[in-house]
Amino acid sequence: MKTEAKRWMVWLVVAMLCVACGSREAEPPPDEVTVQLKWIHQAQFAGFYLAQERGYYAEENLSVTLLEGGPGLDIIEQVVSGAADFGIDAPEQILVQRSQGHPIIAISAIYQRNPMAFVALADSGIARPSDFLGRTVAIGAVFSIKMRLRDKVESMTQQLNHRSRINGHCNTATG
């Protein structure tokens, strides 16, 4: 009787080991995803860096590459051409590009309020937006201010280093 009980115990242990060591489904390789950032690596993309560092992407089986942006880089073109799967760009750029027929959609709003601000030299006499009237304003997305102020301000393309404001070519600029 003892021998038979031992045999059943051995078979029970073997069966449990077989179940425990049974074949598992191989985990699929992570999906490769590229995100084209709007600008150079900096604090505004902290949420993306933190998600990567804490393994949130990996938990969703994603391998995310964050591509650095910079001056002159067309974010929308990067996505449309397939160089990036996703891109981070200003809402007004998405609207303009979409209206021109580019097959893009906005899937998320990172900011609830646009963080854009206008910066002027202290001696410019500009303290509020109404002081823009009759002045030259350097902005990145020209259409947004022209829609409101129409022909009451002169606009120019903003230089990345703000030299146009420092050299007196414009009175205020986005920053």
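Residues numbered from 1 in each chain as written. Predicted model: local features only at pLDDT ≥ 70, side-chain atom pairs only at ≥ 80, totals over all residues. Heavy atoms only, no water.

Within the structure shown, the criterion is met by two salt bridges. With its nearest N and O atoms 3.9 Å apart, the salt bridge here joins aspartate 131 to arginine 128. (Salt bridge = Lys/Arg side-chain N within 4 Å of Asp/Glu carboxyl O.)

Judged by pairing direction, the sheet is parallel, and its three strands sit side by side in the order β2-β1-β3 without closing on themselves. Looking at strand neighbours, the two that pair on one side only are β2 (62-67) and β3 (86-87), the edges of this open sheet. Judged from the six bridges that link them, strand β1 (residues 31-36) and β2 form a sheet pairing that is parallel. Bridge pairing in β2 links glutamate 32 to serine 63. (Pairing = 2+ DSSP bridges. Helix = DSSP H or I, 4+ residues; strand = E, 2+ residues; numbered from the N terminus.)

All right, on to the nonpolar core then. By size, the foremost hydrophobic cluster in this structure holds nine residues: Val33, Val35, Leu37, Phe45, Ala51, Tyr57, Val64, Leu66 and Ile88. Elements that contribute at least two residues to this core include exactly β1 and β2. (Core = buried A, V, L, I, M, F, W, Y, C linked by side-chain atoms within 4.5 Å. Buried < 20%, exposed > 50% of the residue type's maximum accessible area, 1.4 Å probe, protein only.)

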